[in-house]
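# Descriptive structure summary
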Amino acid sequence: MDYERVLSRLCTLSGPSGFETQAVQGAAELLRPLVDQVYTTRLGSLVGVRRCGKEGAPRLLLDAHLDEVGFIVTGHEEGFLRFASLGGVDARMLPDRELLLLTEPPALGIVTCMPPHLQSSEEAEKALSIDKLYLDVGCSQEEARENFPIGTPAVCRGGCTRFGEALFCGKALDDRAGFAVLLDVLERLQKVELYVDLYVLGSTQEETSSAGAITAAYGIAPDLCVAVDVTHGDTPDADKDKTFTLSGGPVLGVGPNCSQALVKQVERCARELEIPIQLEVMSGSSGTNAWPLQISREGIATAVLSLPLRYMHTPIETVHRRDLEETARLLAAFVEKEGERC
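Right, let's walk through the structure included here. (Residues numbered from 1 in each chain as written. Predicted model: local features only at pLDDT ≥ 70, side-chain atom pairs only at ≥ 80, totals over all residues. Heavy atoms only, no water.)

### Notes on the sheet that holds strand S5 (residues 80-86)
The sheet built from six strands closes into a barrel, its strands ordered S4-S5-S8-S7-S6-S9 with antiparallel pairing. Pairing between strand S4 (residues 70-77) and strand S9 (residues 153-156): two bridges, direction antiparallel. Its bridge partner being in S9, Ile72 is matched across the sheet by Pro153. (Pairing = 2+ DSSP bridges. Helix = DSSP H or I, 4+ residues; strand = E, 2+ residues; numbered from the N terminus.)

Shown next as structure tokens:
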């Protein structure tokens with residue numbers, strides 16, 4: 001898998017939660033050569049199916065969401081735009097940030113920031129909430145209303161690029177990096193006989209409600225699934241008990257959201273392949289699509305496999321190539337082994 005090419009393509013696409021059409025279309029182009037069938041659900045999620053050709057075969061679902069955190073216009077004031085977030089956004093990183101408004105054609109917006117010369121010492125120490133920020137679009141009030149009506153979505157401007165020798169940095173790696181891993185899994189399984197019908201889901205609306213995964217899984221009715229997402233990567237200022245090492249290998253969830261049988265099977269595959277794994281204790285919700293997927297229909301045996309990622313929900317999210325490759329290698333072995341076991 002050429003991760004640099006794939007991530008550059010995927011992360012450049014805009015797909016804030018609820019407005020994922022462009023991202024889904026781009027992902028579908030990459031998915032189509034690797035599966036027997038591609039379709040989209042009523043809520044816009046992307047599904048690829050590779051059938052094994054065996055009657056009554058179990059259905060195994062691999063999920064990675066295609067939406068990203070973003071913004072939506074809520075009002076106009078003196079030519080500036082009011083806006084709200086789509087998903088969890090830290091308002092502290094927004095002042096002076098460039099946003100891309102998803103009009104036709106897309107337009108640049110800049111989150112306003114007061115120069116330090118005009119701030120009091122008290123203001124300089126205080127972070128503004130999103131409802132106190134404005135978006136400058138270089139327009140008069142009349143132009144702003146006409147060109148950027150209420151409901152216009154936006155994302156952080158940017159894509160994905162190489163960072164050092166082995167890192168990738170950019171927007172939307174949560175969770176386009178996970179979807180790239182699923183494409184890699186399909187590539188690795190191209191000449192492998194499967195014993196399951198393999199469904200790959202690029203789900204929508206994970207950042208706001210998981211509605212895309214919930215509805216897609218209800219239609220697919222899988223026997224088991226693995227949610228591939230991101231978790232918090234290590235930095236010097238972060239709690240070591242809550243973060244995971246970049247290049248330290250895939251992060252396997254452990255807790256009530258994770259089937260013990262699937263966790264053990266993933267661990268066995270990792271030992272056989274000599275792939276290091278990191279364990280993340282999830283005492284409640286995993287914070288991923290796995291939480292609602294687990295209770296779809298009569299219930300689905302579910303596992304969570306994550307990529308360590310730094311600077312989550314920012315335009316400079318960062319992942320390590322080794323984690324991408326090792327997660328794909330582990331997941332491909334799991335698909336093959338679990339199918340044989342079924």
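### A short note on the pattern of salt bridges
If charged atoms from side chains of opposite charge come close, those side chains can pair. With the rule as written, the count across this model stands at 13 salt bridges. Here Arg157 makes a salt bridge to Glu98, at a shortest N to O gap of 2.9 Å. One end of the pair, Arg157, is in the loop between S9 and strand S10 (160-163); the other, Glu98, is in strand S6 (residues 98-101), with 59 residues separating them in the sequence. Judged by relative accessible area, which is 35%, Glu98 ranks as partly exposed. One network of salt bridges, in which partners are shared, links Glu68, Lys171 and Arg176. (Salt bridge = Lys/Arg side-chain N within 4 Å of Asp/Glu carboxyl O. Buried < 20%, exposed > 50% of the residue type's maximum accessible area, 1.4 Å probe, protein only.)

### Quick look at the side chain of Thr204
Mapped onto the elements of the fold, Thr204 is located in the loop between strand S12 (197-203) and helix H6 (211-220). We classify Thr204 as buried; its relative accessible area is 1%. From its side chain, Thr204 meets the backbone oxygen of Leu43 in a polar contact 3.0 Å long. Not counting residues up to four positions away in its chain, the partners in contact with Thr204 are Glu20, Val24, Leu43, Gly44, Ser45, Asp67, Ser210, Ala211, Gly212 and Ala213. (Polar contact = N/O pair within 3.5 Å; in protein donor to acceptor, adjacent residues only side chain to side chain. Contact = heavy atoms within 4.5 Å.)

### Some points on the packing of aromatic side chains
If you walk through the whole model with that rule in mind, you get two aromatic pairs. Between Phe80 and Tyr134, the ring centres sit 6.4 Å apart and the planes meet at 75 degrees, which makes this aromatic pair edge-to-face. One end of the pair, Phe80, is in strand S5; the other, Tyr134, is in the loop between helix H3 (121-124) and strand S8 (135-136), with 54 residues separating them in the sequence. We classify Tyr134 as partly exposed; its relative accessible area is 23%. Directly above the ring of Tyr218 sits Arg297, whose terminal nitrogen or CZ lies 4.0 Å from the centroid. (Phe/Tyr/Trp six-rings, centres within 6.5 Å; stacked < 30°, edge-to-face > 60°. Lys NZ or Arg CZ within 6 Å of the ring centre and 35° of its normal.)

### Focus on the sheet that holds strand S2 (residues 46-50)
Read from one edge of the open sheet, eight strands run S1-S2-S12-S3-S13-S16-S14-S15, paired in mixed fashion. The open sheet has two free edges, formed respectively by strand S1 (37-40) and strand S15 (278-281), since each of these has just one partner strand. Adjacent strand axes in the sheet meet at a mean angle of 25 degrees when their direction is disregarded. By the bridge criterion, four bridges tie S1 to S2 in an arrangement that is antiparallel. The partner of Thr40 across the bridge, within S2, is Leu46. Where H6 meets the sheet, it contacts S1, S2, strand S3 (59-65) and S12, and its direction lies at approximately 160 degrees from that of S12. Here helix H7 (residues 260-273) sits on the sheet and contacts strand S13 (224-232), strand S14 (251-254), S15 and strand S16 (301-309); the angle it forms with S14, its principal contact strand, is near 155 degrees. (Axes fitted to C-alpha atoms, helices over the stretch in contact; angles between N-to-C directions.)

Geometric values such as these leave the question of function open.
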